[in-house]
Amino acid sequence: MAEAVEELRALARDLLAKGTVQVFVGYGKGASPGRTAPLIITSADRAAELVWDKHCLNNLAVYLTRSEVTKRGKVGIVVKGCDARAVTGLLQEGQVARENVVIVGMSCDGMGEPLLEACGRCDVHTPAGKDADAHHLACDYVIGKAAVPDAQKEDEGAEYADVARIEALPLAERWAFWQEQFGRCVRCYACRQVCPLCYCKRCAVEKNEPQWLATSAHTAGNFAWHVIRAMHLAGRCVGCGACERACPQHIPLSLLNKKMAKAVLQHFKYRAGNDPTAAPAVKTFELSDENDYFR
Amino acid sequence: MEKKAETEKAVWQPKIIAFVCNWCTYAGADLAGTSRLKYDAHIRVLRLPCTGRIDPLFILKAFERGADGVLVSGCHPGDCHYNTGNYHARRRWTLFRELLEFVGIDLQRLQFAWVSAAEGAKWAEVVNAMVAHVRELGPFEGYHTMLARSGQTLWLAKAGANGGNGSGHDVPGTQPVERSKEKQETE
Amino acid sequence: MATIITAENLKQLAREMLKAGYRVIAPAKQADLVVFKAIKDAQEMLPESEYILPQASFKEFVFPRCECILRYRFGEGGKPVFESPNLDGEPPQAVIGCRPCDAASLPILDKIFGWDYVDPFYFKRREKTAVISVACSRAGEGCFCTSAGYAPDSTAGSDILLKKCAGGKYAAEVLSDKGRQLAEKFGSLFEKVEATPPVEVAGLNPAFDVEKIKPWLDKHFDDPLWLEIAARCMGCGTCAYGCPTCHCFDMVDEGDLAGGCRLKNWDTCSSALFTKHGSGHNPRSSQEQRYRQRVLHKFKYYLEKFGLRACVGCGRCTARCPVNLDLRGVLQTIAGKQA
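These figures come from a predicted structure and were not determined experimentally. (Residues numbered from 1 in each chain as written. Chains lettered and ligands numbered in written order. Predicted model: local features only at pLDDT ≥ 70, side-chain atom pairs only at ≥ 80, totals over all residues.)

So, on to the overall build of chain A. In terms of helices and strands, chain A carries 10 helices and five strands. Here the C-alpha atoms of chain A give a radius of gyration of 20 Å, agreeing with the 19 Å that 2.2 N^0.38 yields for 295 residues. Projecting the C-alpha coordinates of chain A onto the three principal axes gives extents of approximately 60 × 40 × 40 Å. Split into buried and exposed, the 295 residues of chain A put 48% on the buried side. Looking at chain A alone, contacts between residues at least 24 apart form 66% of all its contacts between residues at least 6 apart. (Helix = DSSP H or I, 4+ residues; strand = E, 2+ residues; numbered from the N terminus. Rg over C-alpha atoms; globule rule 2.2 N^0.38 Å. Buried ≥ 20, exposed ≤ 12 C-beta atoms within 10 Å, placed from the backbone. Contact = placed C-beta atoms within 7 Å.)

Following this line, the structure appears as structure tokens:
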């Protein structure tokens, strides 16, 4: 990691000094123990503040649709393999112009101390570099080993074990579980704000003619909010886990998104964020899509 | 007043909301009518131009407003008036019903059908089957309890049936309405 | 003469208060978090050693996150019948085991809720709330109460302040009439001793001179520092909703065929919608403008208006923030810039 950070700092310094990018988004020192914080710099001399360690959890792709950042000009951004999927998603959906971003992929052995569970199953430890084919996001730079991403996972067992645990519960217990979880939500919208794919300028919950989704933090309102958010992210969520990490109430939000990802994979053979040229699953259809549940 | 008291004691009837497309299912339902086919009347039909217009939010809203079941129906795949609307809708619902089941909703309360403009008889069958299912399941108590604890007035009034959390629990200042008081005011 | 209560008796106090019909609010476990809960059983109450600060403040018990302030039902002939919630029917409540910083938030909230309109929804609950705080025997990593003008053993807002002393006991300082009444009502649980035993109170050096903050804020509304600090702010409400002194709310009407209610819901100035006008114009359209407002409100406007800063230095905002935005660090930077 130590060499990587020096290489990263040198690269950022260079990109900013030459004007290749006007703003660089990476990780900097955090305020609380065991944390880093997103670092957004506009001058080369601040490149020394960049860090790279086991605590670089945030998905920085969220800044690619924030005008406070993009209004500066071209953006240089640090991504891990998992974060790069969100960038791919944004490209697929036309939210980012590829030529306006300089993507710096970081080879990552996993985050968290102890290692995050998802990191233990990662298949994109090193994001693809310039040699990637048209169906993979090509980072402009890769710090660490550059390689083509691993093949798609065959075994969903491990990946969706936590989803399966809920699915195995009887219906009434499932309902009770989620009632308890949704009852604790305070509608801070941290889940939405940190999500790179929640970029709508006007969120569904902000529509008030009529007020489709109650804004109040009661269970019924929270239920509708989380269900609709999961639906709006179906086939788009890349499973970075930022929402769940951001939730101050520790609601296991990723269960909802993973359930959708599992359904999208099973029914439509699609994984979000792999292929920048692919049409998102819910944007397209097949004539042979599942029809069994229709009378 | 006596009539009211009588209906109070009457059997609960399911409330089913149907979201249907204008070109196929709505026409099919109309055909059922003109053919004088009898089918269960405990259904309210909402007409949309296409099943592709049906937002999952509509389905949630129906449950929020007291539906015990929701039926969604449109043109057969390949027959959509707008060519592809129902294909897009189908993908959405494949996911949405899995999500609702995941959070603990019995999918017998959310049914889907393809009913063409010529299938008046099928419409009657589909509705009868749906209403029968939901009648068997009973009122959507789980959802209604959630609404009552969230201070939704309609459901606080019926909170007695649910016990437990039907107390406006999430929203201080909403206590369940006493049934006797409510009756007095509506009489 | 000093008053002592043992840790066991503190639990017993909770037990007896529950039996006497109090709502007892104490730090308790919820999944992997420590939160303020209205406990059903004294066993749920966590001992002081198992937490420094619960995850959020206890303000929801005097300022609920979603509260009905007016209800209506359709009566005879469809005429609406209006009802106000029965605030007098609320039980007395006691917060046991909060820290002095959280207790100090109450005098701060009193100012805004008692300003141009005496808010009964706040005060009726506030009047029924007794606060038994426990002074901190150790400081948290993010704490900066001493910078904000408080201390690990501040008395502000507390009715009884407990300080840890040897042998699993607390020295109890009765600070108000409410506290005196409680100590008398449950007198059997307290014992009198000759002299105050040595107490364990954390030391915490101030991170910055708070007196330097307002002078800088007065003159640097347009400073580029705001964009530098706040470019990474996500604009969620995590800080505001955990903060003991944040008090903004949104009024929302919810209704159905049978009636409806007017709700008072927590709101956050970090949200873009907070100042969006019906015309579409937004005077705080950019995140750094919203973050600037947050700091100015707490350290300038509130101070000018009420003589108190709207911050007790608990550090929750930073700990909870998804991007670890560091208020203490921001204030240190500002104080450093002010000669």
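Quick look at the pairing of strand β4 (residues 101-106) of chain A now. Residue and element names in this part refer to chain A. For β4, the buried fraction is high: five of the six residues fall into the buried class. Pairing of strand β3 (residues 75-79) with β4, which is carried by five bridges, proceeds in the parallel orientation. By the bridge assignment, Ile77 is partnered in β4 with Ile103. Of the crossover connections in this fold, the one passing from β3 over helix α3 (residues 81-92) to the parallel β4 is right-handed. (Pairing = 2+ DSSP bridges. Right-handed = clockwise from strand over helix to strand, strands pointing away.)

Residues and elements named next belong to chain B. Relative to each other, helix α2 (residues 25-34) and helix α5 (residues 120-137) sit at 95°, their axes nearing to 7 Å. Considering the angle they form, α2 stands roughly perpendicular to α5. The residues of α5 that touch α2, namely those facing Thr25, Gly28, Ala29, Leu31 and Ala32, are Gly120, Lys122, Trp123 and Ala124. Looking at the contact of α2 with α5, its residues break down into five nonpolar, three polar and one charged. (Axes fitted to C-alpha atoms, helices over the stretch in contact; angles between N-to-C directions. Parallel < 35°, antiparallel > 145°, perpendicular 65-115°, else oblique. Nonpolar A, V, L, I, M, F, W, Y, C, P; charged D, E, K, R; others polar.)

A separate point is the domain arrangement of chain A. Residues and elements named next belong to chain A. If you check the domain split of chain A, you get domain 1 (2-143) and domain 2 (156-283). Taken together, the 23 residues of domain 1 in the interface contact 21 residues of domain 2. Classifying every residue of the side of domain 1 that touches domain 2 by side-chain character gives 10 nonpolar, nine polar and four charged. (Domains from an automatic or database assignment.)

All names here are of chain B. Look at α5: 26 Å from first C-alpha to last across 18 residues, which is about the 26 Å you get at 1.5 Å a residue. Residues of α5 that are buried include every one of Gly120, Trp123, Ala124, Val126, Val127, Met130, Val131 and Val134, and no others. Seen along its axis, α5 keeps its buried residues to an arc of 165°; they face one direction. Along α5, exposed side chains directed more than 90 degrees from the buried face belong to Ala132 and Glu136. Tucked into the core, α5 has its buried residues touching β1 (16-21), α2, β2 (43-48), β3 (69-74) and β4 (110-114). (Expected span 1.5 Å × (residues − 1). Arc of directions from axis to C-beta.)

So, on to the packing of helix α8 (residues 219-233) of chain A against helix α3 (residues 56-64) of chain B. At their nearest, the axes of α8 of chain A and α3 of chain B sit 10 Å apart, and the two run at 160° to each other. As judged from the angle between their axes, α8 of chain A and α3 of chain B are roughly antiparallel. In this structure, α8 of chain A crosses over α3 of chain B, and the sense of that crossing is right-handed. Residues Ala220, Ala224, Val227, Ile228 and Met231 of chain A of α8 of chain A form the contact with α3 of chain B, whose participating residues are Pro56, Leu57, Leu60 and Glu64 of chain B. The residue inventory of the contact of α8 of chain A with α3 of chain B, partitioned by class, reads eight nonpolar, no polar and one charged. (Left-handed = near helix turned anticlockwise from the far one by under 90°.)

Counting 244 residues, the largest nonpolar core has Val87 and Met260 of chain A as the members making the most contacts within it. In terms of residue count, the dominant contributor to this core is α8 of chain A (nine residues). (Core = buried A, V, L, I, M, F, W, Y, C linked by C-beta atoms within 7 Å.)

This part is about the interface of chain C and chain B. On the side of chain B, 14 residues touch chain C, which itself brings 18 residues to the contact. Counting only elements with at least two residues in the side of chain C that touches chain B, the list comes to β4 (66-74) and β12 (259-266) of chain C. Examining the composition of the side of chain C that touches chain B, we find that six residues originate from one element, β4 of chain C, more than from any other.

Residue and element names in this part refer to chain C. A sheet is described by the order of its strands in space; here four strands give the open sequence β5-β4-β12-β11, paired in antiparallel fashion. Edge positions in the open sheet fall to β5 (80-83) and β11 (249-256), since each of these has one partner strand only. Within this sheet the neighbouring strands show an average axis-to-axis angle of 20°, counted without direction. Alignment of β4 against β12, held across seven bridges, turns out to be antiparallel. Within β12, the position partnered with Cys66 by the bridge is Asn265.

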